Amino acid sequence: MKKKLLFSFVFVLALIMQSFAQKTVSGTVRDDKGEAVVGATVFVKGNTKLGSVTDADGKFVINEVPDGAVLVIQALDYKTKEVPVGNQSVLSITVEPDVIQAIEVVSTGYGEVESRSFTGSAGKVDNTKIENVPIQSFDQILQGRTPGALIQSSTGMPGSRATVLIRGIGSVNSSTDPLYIVDGIPVDPAFFGTLNPNDFESVNVLKDGPAVAIYGSRGANGVIVVTTKKGIKDRNIFSYNFQYGIATPDYDRFLPTLNSLEKIQVENEVGFGYSYDRNGLGKPSDAELEVLRNTFTDWRKVLFRNAKTVQHEVTASGGSDKLRYYGSLNYYEQQGTVVNTDFKRYAGRLNLDYLGDNFSFSFKNTVSFTTRNFTDENNTAISSPLNAVYWSNPFETVYDPTHISGYNVLNTSPSNQPNALEEQMLNKDKTDDIKAFTTIRLEYQLPWVKGLSVRTNWGVDLNARENEFLDHPYRIVYLPRELGGISTSQRKGAFSRSSRRRIAYNGTTSLNYIRDFGDHNLRLSLFQEVVGRELRTFGFTGFGLQNVLLLNEAGITPGSAAPNDPANNYIPTVTGLKTVNGLFSVFLDGSYTFRKRYSLSANIRRDGTSKLLKENRFINTFSVGANWQVSEEDFLKNSKTISSLRVRASYATTANQELISGRGTIADDFPAFGLYSQGVYADGLAFIQSNVPVPDLKWERRLKANFGVDFGLFEDRIRGSLNLYNDVTKDLFFPRQLSRTSGFTSLLVNVGELRNRGIEFEVNTDVLRIDDFTWSVGGNITYNENKVLKVLPDQDEIVGGIDIIKVGYPLYTLYLVKYAGVNPANGDGLFYDKNGNITPWIDPNARHFFKPRFPTIFGGFNSDFKYKNFSLSAFFTYATGHQMYNNERTNIDNPGYLQDGFSREVLRRWQEPGDVTDWPRFQSADGRLTAFQYTEEGAATTRYLEDIGYIRLRNVTLSYNMPKKWYEKAKLKDVRLFFIGQNLLTFTRWRGTDPERGNGVANGAIYPALRQYTFGANIMF
């Protein structure tokens, strides 16, 4: 019995001692600069289940750590470290950078190049600047982030992409879009909204030199290379991200228009308009005028609204030595601030990477579905609801419960201005997109030759789009006059459905040799590439929607070819086409580095395209570059001021493979060929020539030269780069006029020449590092000088309506007669003649050159603060040096449209001798007042010419990483809360709705940029 008691006592004592031998260990992981290392894995050696991941402050906690344990710390870009715990319970651990891991690389799409040996010019935007920004198209997120890339959005409509120009406009009649590469495969920028930007690891903007010349005929406008995320060894992470935001219209940016009392006053003073004589139908009674005076509709608040944005996303990533994975599921919904406009995306991605001893394999796939409802924009059509914000009269009401449509039919205007809300709510313009994008890469290291490998990378990009359009039968153009309509069309509504399927494939196979020989590093790659695209479209439009319950295919009235049959108006239209094009290429790329200081690179490529005739089908492009790592020289190696200094120079030739655009899909694919289409001639079918053959048509060529300096000062607390570039485009496509007897107006020829020359500067600075507080600032600026060098052989200029293409001047320079104001004595508009004298007459030969329509100076700047768990960043973008003709103002200043909504500026008009103003006297419809020559004083003069430069607070982000003790019981690894403000402030002298006009035009129907407030959370499991 005593032995049993003794044994029990010893056993219990052993358990107690064992429990005391386990303890909780906490600590902080920092780098050699004292900054917290976030996301490091800390675990007990021999037992990976006992571990933790450092939070935003580099802190970790591990429970039940046995006595005598050794902790292992692993972090990306840092050397693995082992730390004995001993008798400590709180550790302060410093890890050293892994130089081999941490070397910054530039992704070129065909591979990765160490930045220290890179001879070209490229900008890099990492995922921290891309993730969680509440914009569905990633090209807009890049705005202002890298010098040389002018990125502007012409619209705030959900689902729309931006206009991207890299180092200026390089063509007049060809595409100016850069080439977009995702995981080594080109993608169609028209489908950017289908991609989830949160899946991107980094974006490299390639601007010149070997980086773009390696793409040959596709690299003329620059290349944007996207690398998607992949798993990290021993870091298995599951996360959930959530966002909810509200976008609000900026009503203060709208042009002011007359209210009801002011409108009635002006109409009666001028003697024209509905309140004066019902537009010629007789003067309203006093009672009717009183109703008009007491009615006021703010059409801005009828058509615009507060709109929500919602995003849910789950991701999983991780891996082992051999296999790594990344997957995501994303739902994104964004309402537009215009009613009945929105965008939704459902996207999924799976990335797998296998890393063997001699063999590696990569599979990357994304599938997405998007749906989008939008409205007509960027025009001056009365049917565009966005124009009705200004053009609808303030004394008109929105709804009429007695009308068949439920809306008030606006018949107070001879222009038959429709009800904006009725147009927007009854009509439909919807697009659905399906995208499947897959890449597979195989690489094998040949064991019998060290450094020799073979790689093949294949990808397929499938885009299927369906558009549905409804022209509602209740529109006034279809309703009879007894229902308030105008019956200008007998077709009684229309329904259209069209589809577009584009399949593109890209296959690249290469033999690569990479070796280090002591102080020498050699890289050689021989490539063969094939690119193919097939496009199929089909569409129909049917008419005669007699039943409002069947506003689709089922409601279409069958057409009839009988001449006297009413159904003759209902004959449907059918369209469709199929076109293919291809590119075959071989190229050689190589680089040599000596002592990690001196680098040389070169490549040569030969492309053959199906778009040109065989005489000009092939083109050769090449590049050469040099790089000197000056800071590695003995005379700078120990400098306390200059921590890094690199000098680069390169020269490259490229071409534009995306030939003339906008002439129709078939003509775009075969611009040099004689093309024929089917038509009707003499009541019978016939083949009609649709494109004149141009056997001499060849590629547009672009020659690129660059000199750059990259520097770091004071242990890289100040980092920056400077680039000087000169790009010349030769053999520009220009239309040469033909005799009308040929049946064609022009023939496409290679004759023009254009130059873009500029300076790019970028700097980032760590201003303060004090304990838990850091403050960093950065910015970039680009100056681009565009100049036309050659136009046509027999002329040096092409004059447009308000701009000009002229040798010696920037492309699209505004070309107008100077407006001199108003004569106080009689109210006449005054102008400058060609001798500088002021005259009441306009001399068309007195036009002057003004600024171009596109910015010459642009960039972005930021300021970032971090204190303990809080971080705050503000990011601004700007553009200046350009002007624009403000058609928004002319649309509501035109005296001929006084019967519609009108500008409040008319209250400043000249009315009697002695009035000092810049608004000339008015003209009534019957000419009783002195003539106001609108088309001359408005459209051809500087009266509506304005500077359109701006500074915009693009993004403000405030985030808070919750302390781990708040959520550790929930077994969470990290919780981050954040607020993002988009487009909160805009500083500009532009008097229109939005100064950011990517297309360089401000016609009308402007959809302003979204001003958005977003709250969200990132939760890591």
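Along each chain, residue indices are assigned from 1 in the same order as the chain's sequence is written. For a predicted model such as this one, the threshold for reporting local features is a pLDDT of at least 70, and the threshold for listing and counting side-chain atom pairs is 80 or more; totals across whole chains, interfaces and linings nevertheless cover every residue. Hydrogens are left out, water is left out, and the side-chain values use all remaining heavy atoms of the structure.

Peer 1: Is there a simple way to explain the overall build of the protein in this structure?
Peer 2: Within the protein, the regular secondary structure consists of 14 helices and 49 strands. Radius of gyration (C-alpha) of the protein: 33 Å, near the 31 Å computed for a compact globule of 1021 residues. Scored against the burial criterion, the 1021 residues of the protein give a buried share of 53%. Helix numbers and strand numbers start at the N terminus; a helix is a DSSP run of H or I with at least 4 residues, a strand a run of E with at least 2. As a reference, a globule follows 2.2 Å times the number of residues to the power 0.38, and the radius of gyration itself is taken over C-alpha atoms. Only protein chains enter the accessibility calculation, which uses a 1.4 Å probe. A residue is then buried if its area is under 20% of the maximum for its type, exposed if over 50%, and partly exposed in between.

Peer 1: Sorry if this is basic, but what is going on with the sheet that holds strand E1 (residues 23–30) here?
Peer 2: Hydrogen bonding along the main chain pairs the strands of a sheet, whether they run parallel or antiparallel. A strand pair is defined by DSSP finding two or more bridges across the two strands. Overall, mixed pairing links the three strands, which are arranged E4-E1-E7 in an open sheet. Unpaired on one side and paired on the other, strand E4 (59–65) and strand E7 (90–94) mark the two borders of the sheet. When strand polarity is set aside, the average angle formed by the axes of neighbouring strands in this sheet is 25 degrees. Pairing geometry for E1 and E7, over five bridges, is parallel. The residue of E7 that forms the bridge with Ser26 is Val90. All axes here are fitted lines through C-alpha atoms, helices being fitted over the stretch that makes contact, and every angle between N-to-C directions spans 0 to 180 degrees.

Peer 1: Honestly, helix H5 (residues 260–270) in this entry has me stumped. Any pointers?
Peer 2: Restricting attention to buried positions, one finds in H5 the residues Ser260, Glu262, Lys263, Ile264, Val266, Glu267 and Val270. Buried residues along H5 sit against helix H6 (274–277) and helix H7 (286–293). Definition of a polar contact: a pair of N or O atoms within 3.5 Å, with one able to donate and the other able to accept a hydrogen when the atoms are protein atoms, and with sequence-neighbouring residues admitted only if both atoms are side-chain atoms. Its side-chain oxygen 3.2 Å from the backbone nitrogen of Leu261, Asn259 forms the N-cap of H5. Phi turns positive, to about 85 degrees, at Gly271, one or two residues after H5. The contact rule is simple, with two residues in contact once any of their heavy atoms fall within 4.5 Å.

Peer 1: Is there a simple way to explain the domain arrangement of the protein in this structure?
Peer 2: It is common to give the size of an interface as the accessible area that goes away when the parts come together. Segmenting the protein into domains produces domain 1 (21–94) and domain 2 (107–234). Just the C-alpha atoms count here: the centres of domain 1 and domain 2 sit 38 Å apart. Where a domain begins and ends is set by an automatic assignment or by a domain database.

Peer 1: What am I meant to see in the UniProt feature "domain: TonB-dependent receptor plug" (unreviewed entry) in the protein here?
Peer 2: UniProt positions are given in the numbering used here, feature names are shortened, and annotations may be inferred rather than shown by experiment. This chain's UniProt record puts "domain: TonB-dependent receptor plug" (unreviewed entry) on residues 116–223. Between the C-alpha atoms that bound residues 116–223 the distance is 20 Å, and the span itself is 7% helix and 25% strand.

Peer 1: Help me understand the packing of aromatic side chains in this model?
Peer 2: How two aromatic rings sit relative to each other is given by the distance of their centres and the angle of their planes. Between the rings of Phe, Tyr and Trp (Trp by its six-membered ring), a pair exists once the centres lie within 6.5 Å; its type follows the angle of the planes, with under 30 degrees stacked, over 60 edge-to-face, and the other angles tilted. Tallied over the full model, the rule gives 28 aromatic pairs. Seen in terms of ring centroids, Phe711 and Phe761 are 6.5 Å apart; in terms of plane orientation they differ by 20 degrees. Their pairing is stacked. Of this pair, Phe711 sits in strand E32 (residues 700–713) while Phe761 sits in strand E34 (residues 746–770), placing them 50 residues apart in sequence. Exposure remark for Phe761: the relative accessible area of 34% places this residue in the partly exposed category. Grouping aromatic residues by their ring pairs yields a cluster made of Tyr110, Tyr215, Phe527 and Phe587. Placement of a charge over a ring requires the Lys NZ or Arg CZ to be within 6 Å of the ring centre, with the centre-to-atom vector within 35 degrees of the ring normal. The cationic tip of Arg372 hangs over the ring face of Phe374; the distance from NZ or CZ to the ring centre is 4.4 Å. Arg605 extends its terminal NZ or CZ atom over the ring of Phe587, reaching a point 4.4 Å from the ring centre.

Peer 1: Looking at this model, I keep getting lost on the sheet that holds strand E39 (residues 819–822). Mind explaining?
Peer 2: Read across the open sheet, the three strands follow the order E39-E40-E41; overall the sheet is antiparallel. Looking at strand neighbours, the two that pair on one side only are E39 and strand E41 (838–839), the edges of this open sheet. Relative to E41, strand E40 (residues 829–832) is paired through two bridges, and the arrangement is antiparallel. Opposite Phe831, over in E41, you have Thr839 as the bridge partner.

Peer 1: Can you help me understand the packing of H5 against H7 in this one?
Peer 2: In helix packing, the relevant descriptors are the interaxial angle and the interaxial distance, both defined with respect to the helix axes. Contact pair H5 / H7: the axes reach a minimum separation of 8 Å and the direction vectors enclose 135 degrees. The angle between H5 and H7 falls in the class oblique. Contacts from Ser260, Leu261 and Ile264 in H5 reach Leu289, Leu292 and Arg293 in H7. Class assignment for the residues of the contact of H5 with H7 results in four nonpolar, one polar and one charged. Here the word oblique covers every angle except those under 35 degrees (roughly parallel), over 145 (roughly antiparallel) and from 65 to 115 (roughly perpendicular). The classification used treats Ala, Val, Leu, Ile, Met, Phe, Trp, Tyr, Cys and Pro as nonpolar, Asp, Glu, Lys and Arg as charged, and all other residues, Gly among them, as polar.

Peer 1: I'm lost on unusual backbone geometry in this one. Help?
Peer 2: Leaving glycine out, the prevailing phi sign among residues is negative, and the prevailing peptide bond configuration is trans. Residues other than glycine seldom take positive phi values, yet Tyr812 does so here, at roughly 60 degrees. With respect to the helices and strands, the residue Tyr812 is situated in the loop between strand E37 (803–806) and strand E38 (813–816). The exposure class assigned to Tyr812 is buried, which follows from its relative accessible area of 17%.

Peer 1: For this particular structure, what's the right way to read the pattern of salt bridges?
Peer 2: Charged atoms that come close allow side chains of opposite charge to pair. Note on definitions: salt bridges are taken to be side-chain nitrogens of Lys or Arg within 4 Å of carboxyl oxygens of Asp or Glu. In total, this model carries 59 salt bridges according to the counting rule given. For Glu423, the salt bridge goes to Arg475, with nearest N and O atoms at 3.0 Å. Of this pair, Glu423 sits in helix H10 (residues 420–426) while Arg475 sits in the loop between strand E23 (452–471) and strand E24 (494–517), placing them 52 residues apart in sequence. In this structure Glu423 comes out as buried when scored by relative accessible area, which is 6%. Residue Arg475 is classed as buried on the basis of its relative accessible area of 15%. Connected through shared salt-bridge partners, Asp188, Lys435, Asp461, Arg500 and Arg502 make up one network.

Peer 1: Whenever I open this one, the pairing of strand E43 (residues 857–867) confuses me. Can you help?
Peer 2: Sheet faces and side chains relate simply in a regular strand, where the side chains alternate between the two faces. Across eleven bridges, the pairing between strand E35 (residues 773–790) and E43 is antiparallel. Along E43, the bridge assignment pairs Tyr783 with Ile857. Note that E43 and strand E44 (residues 870–880) share eleven bridges and pair antiparallel. Residue Ser863 lies in a different strand from E44, and its bridge partner there is Ala874. Here E43 folds back onto E44, and the loop between the two strands holds two residues, one of which, Lys868, carries a positive phi near 50 degrees.

Peer 1: Can you help me understand the side chain of Asn241 in this one?
Peer 2: Along the chain, Asn241 falls in strand E17 (residues 237–248). Residue classification places Asn241 among the buried residues on the basis of a relative accessible area of 12%. For Asn241, the side chain forms a polar contact with the side chain of Asn1018, separated by 2.8 Å. In contact with Asn241, other than residues within four places in its own chain, are Gln311, His312, Glu313, Ala1017, Asn1018 and Ile1019.

Peer 1: Please explain the nonpolar core as it appears in this structure.
Peer 2: A general feature of soluble globular proteins is that nonpolar side chains tend to end up buried together. Ranked by internal contacts, the top residues of the largest apolar core, which has 32 residues, are Val172, Leu697, Phe734, Ile805, Leu811 and Tyr812. When residues of this core are traced back to their parent elements, those giving at least two are strand E33 (718–737) and E34. Per-element tally for this core: the top contributor is E34, with five residues. Other than its neighbours up to four places away in sequence, Val172 contacts Leu732, Phe734, Ile805, Leu811 and Tyr812. Core analysis: the next-biggest nonpolar cluster, separate from the first, contains 29 residues, Ala307, Val389, Val398 and Leu479 among them. Among the buried residues, those of types Ala, Val, Leu, Ile, Met, Phe, Trp, Tyr and Cys that are joined through side-chain atoms within 4.5 Å form a nonpolar core.

Peer 1: Would you explain the pairing of strand E47 (residues 950–961) in this entry?
Peer 2: The buried count for E47 comes to ten of twelve residues, which makes it a mostly enclosed element. Bridge count between E44 and E47: ten bridges; the pairing is antiparallel. Each residue of the ladder has a partner; that of Ser873, found in E47, is Thr957. Relative to strand E48 (residues 974–988), E47 runs antiparallel, the two being bridged by eleven bridges. Bridge pairing in E48 places Thr957 opposite Ile980.

Peer 1: Please clarify how the environment of Val314 should be interpreted in this entry.
Peer 2: With respect to the helices and strands, Val314 occurs in strand E18 (residues 307–319). On the basis of relative accessibility, which here comes to 27%, the residue Val314 falls in the partly exposed class. Linking Val314 and Leu329, residues 15 residues apart in sequence, is a C-alpha distance of 5.4 Å. Apart from the residues within four sequence positions on either side, Val314 is in contact with Phe238, Ser239, Tyr240, Gly327, Ser328 and Leu329.

Peer 1: Can you walk me through the environment of Ser643 in this structure?
Peer 2: Inspection of the secondary structure puts Ser643 in strand E29 (residues 642–656). In this structure the C-alpha to C-alpha distance between Ser643 and Pro735, which are 92 residues apart in sequence, comes to 53 Å. What Ser643 contacts, discounting residues up to four positions off in sequence, is Ser631, Gly712, Leu713, Phe714, Glu715 and Asp716.

Peer 1: Explain the side chain of Glu468 here, please?
Peer 2: Tracing the sequence through the fold places Glu468 in strand E23. There is a polar contact of 3.2 Å between the side chain of Glu468 and the side chain of Arg497. Setting aside anything within four residues of it in sequence, one finds Glu468 in contact with Lys428, Asp429, Lys430, Phe495, Ser496 and Arg497.

Peer 1: What exactly am I supposed to notice about the environment of Val580 here?
Peer 2: As for its placement among the helices and strands, Val580 is situated in strand E26 (residues 573–594). Of the residues examined, Val580 reaches a relative accessible area of 40% and is grouped as partly exposed. Through-space distance from the C-alpha of Val580 to that of Ala75 is 48 Å; in sequence the pair is 505 residues apart.

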